[in-house]
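Here's the letter readout for the chains.
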Amino acid sequence: LQILTEHKNEVWFVQFSNNGEYLASSSSDCTAIVWKVMEDGQLAFKHVLSSHHKPVSFVAWSPDDTRLLTCGNGEVLKLWDVETGTCLSTFGGHGFIVSSCAWFPDSKQLVCGSSEPGKGIYVWDCDGKEIKSWKGRRMPKVSDLAVTPDGEHLIVVSDKEIRKFNVETSTEQLILEAHSITSLSVSTNGDYFIVNLNSQEIHLWDVACKWDKPLRFVGHKQDKYVIRSCFGGLNSSFIASGSEDSQVYIWNRRDPKPIEILSGHLMTVNCVSWNPRRHRMLASASDDGTVRIWGPSKLNSHSK
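The protein chain carries the name WD repeat-containing protein 26 in an unreviewed UniProt entry, which gives Linum tenue as its organism. Entered under Subcellular location (unreviewed entry) in the UniProt record, the comment concerning the protein chain runs "Cytoplasm".

Laid out in structure tokens, this is it:
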């Protein structure tokens with residue numbers, strides 16, 4: 001439906017806000033951009049967030065959508081005011097490299113993981129005060145993390161391991177995968193999560209950790225890069241993923257093979273995000289420097 005071309009380099013991450021009214025994209029051009037979803041479904045440029053010195057590879061919306069976190073490889077974590085586009089505070093520094101970040105449901109506490117072994121995971125308030133941490137020799141490199149919508153569990157992925165921490169009791173459960181995990185996404189109801197593996201599979205697990213084995217989804221291409229997937233549609237009944245063959249893949253959660261493949265990007269699709277309120281709007285971010293917005297065709301809403 002629309003191609004957003006404001007980024008000057010590869011676009012690595014894209015995420016709709018929780019209310020579906022904004023989209024944030026981040027790029028190896030060292031910026032993030034906030035877009036506004038207009039009434040007619042078109043996206044309009046709102047702010048460019050530019051004070052990072054290195055590529056921005058990750059963004060996270062606060063649950064109340066008033067603030068946005070950005071971080072990147074070898075970069076600090078920054079907190080932004082969405083309405084004004086101003087940077088409210090900077091976290092980390094002093095060699096603390098943040099790989100990913102997430103919010104707790106109250107929009108007052110945030111958690112981030114470091115891609116350096118031993119540095120671990122930190123919970124901060126919005127003023128940068130450390131509330132809790134998991135660190136030390138046992139803590140591996142964190143490649144991605146997420147908080148369940150009820151705020152009870154923190155899910156962390158590192159190499160081939162998935163750890164689920166109970167935030168209150170600090171107890172943990174461990175799931176081992178056979179291949180390296182590049183990314184993680186939790187369903188909106190908090191019952192399931194998906195991980196992308198560099199074995200060209202996406203695995204769906206239950207957050208309660210009762211399953212012996214995951215549901216598997218195949219068809220996309222992934223062996224070299226960090227590719228991100230997401231849940232989408234009503235009741236998170238679909239899964240979408242980027243792919244190294246420049247396409248976007250969509251699965252029904254009940255079927256391991258894709259039901260739709262979207263072509264248009266010219267290079268690797270790194271990340272996808274489904275609008276949580278507009279169930280037929282999907283955004284994709286690519287190394288071709290564009291963000292594409294997908295939706296039902298104007299001619300026949302029952303076709304792709």
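> Would you take a moment to explain the pairing of strand 20 (residues 201–206) for this structure?
Put simply, side chains in a regular strand alternate between the two faces of the sheet. Among the six residues of strand 20, six are classified as buried, and the element is accordingly described as predominantly covered. Where burial is concerned, the two faces of strand 20 agree: the one with Glu201, His203 and Trp205 and the one with Ile202, Leu204 and Asp206 are both buried. The sheet contact formed by strand 19 (residues 192–197) and strand 20 spans six bridges and is antiparallel. Among the inter-strand pairings, isoleucine 194 is bridged to a residue of strand 20, identified as leucine 204.

> What's the story with the pattern of salt bridges in this structure? I'm lost.
Between side chains of opposite charge, a pair can form as their charged atoms come close. Following the criterion strictly, the structure yields eight salt bridges and no others. Note that glutamate 161 is salt-bridged to arginine 163, the shortest N-O span being 2.9 Å. On the basis of relative accessible area, arginine 163 is assigned to the buried category, the value being 8%. For glutamate 201, the salt bridge goes to arginine 216, with nearest N and O atoms at 2.8 Å. Placement of glutamate 201 in strand 20 and of arginine 216 in strand 21 (residues 215–218) is noted, with a sequence separation of 15 residues between them. By relative accessible area, which is 41% here, arginine 216 ends up partly exposed.

> Sorry, what's going on with the environment of valine 195 here?
In this structure, valine 195 sits in strand 19. Classification of valine 195 as buried rests on a relative accessible area of 0%. Taking the C-alpha atoms as reference points, valine 195 and aspartate 144, 51 residues apart in sequence, are found 9.7 Å from one another. Ignoring any residue separated from it by four or fewer positions in sequence, one finds valine 195 in contact with Val157, Ile162, Glu177, Ile181, Ser183, Leu184, Glu201, Ile202, His203 and Trp205.

> Would you mind going over the packing of aromatic side chains with me for this structure?
For any two aromatic rings, the description comes down to two numbers: the centre-to-centre distance and the angle of the planes. Considering all chains together, one arrives at 10 aromatic pairs under this definition. An angle of 25° between the planes, with centres 5.9 Å apart, marks the rings of tyrosine 22 and tryptophan 61 as stacked. Remark: tryptophan 61 occurs in strand 6 (residues 58–61) and tyrosine 22 occurs in strand 3 (residues 22–27); sequence separation between them is 39 residues. Assessed through its relative accessible area of 6%, tryptophan 61 is described here as buried. Judged by centre distance (6.3 Å) and plane angle (65°), the rings of phenylalanine 217 and tryptophan 251 are edge-to-face. Within this pair, whereas phenylalanine 217 is found in strand 21, its partner tryptophan 251 is found in strand 24 (residues 248–252), the two being separated by 34 residues in sequence. Residues phenylalanine 217 and tryptophan 251 agree in their burial class; the two are buried. Among the aromatic residues, ring-to-ring pairing joins Phe91, Tyr122 and Trp124 into one connected group. Sitting over the ring of tyrosine 22, lysine 36 keeps its end group 4.9 Å from the ring centre.

Analysis parameters
- Each chain has its residues counted from 1, following the order in which its sequence is written.
- Residue-level local features of this predicted model are given only where pLDDT is at least 70; pairs of side-chain atoms are given and counted only at 80 or more, and the full residue set underlies all totals for whole chains, interfaces and linings.
- Side-chain numbers come from the whole structure's heavy atoms, not from hydrogens or water.
- UniProt positions are given in the numbering used here, feature names are shortened, and annotations may be inferred rather than shown by experiment.
- Partly exposed describes any residue whose relative accessible area lies between the buried limit of under 20% and the exposed limit of over 50%, with all areas from a 1.4 Å probe on protein chains only and scaled to the type maximum.
- Numbered from the N terminus, helices here are DSSP runs of H or I no shorter than four residues, and strands are runs of E no shorter than two.
- Strands were regarded as paired on the criterion that DSSP finds at least two bridges between them.
- In what follows, salt bridge is the name for a side-chain nitrogen of Lys or Arg lying within 4 Å of a carboxyl oxygen of Asp or Glu.
- Contact criterion: two residues are considered in contact whenever any of their non-hydrogen atoms come within 4.5 Å of each other.
- Put simply, two rings from Phe, Tyr or Trp (the six-membered ring, in Trp's case) pair if the centres are within 6.5 Å, and we call them stacked under 30 degrees between planes, edge-to-face over 60, tilted for the rest.
- The rule for a charge over a ring is simple: NZ of Lys or CZ of Arg within 6 Å of the ring centre, and within 35 degrees of the ring normal.

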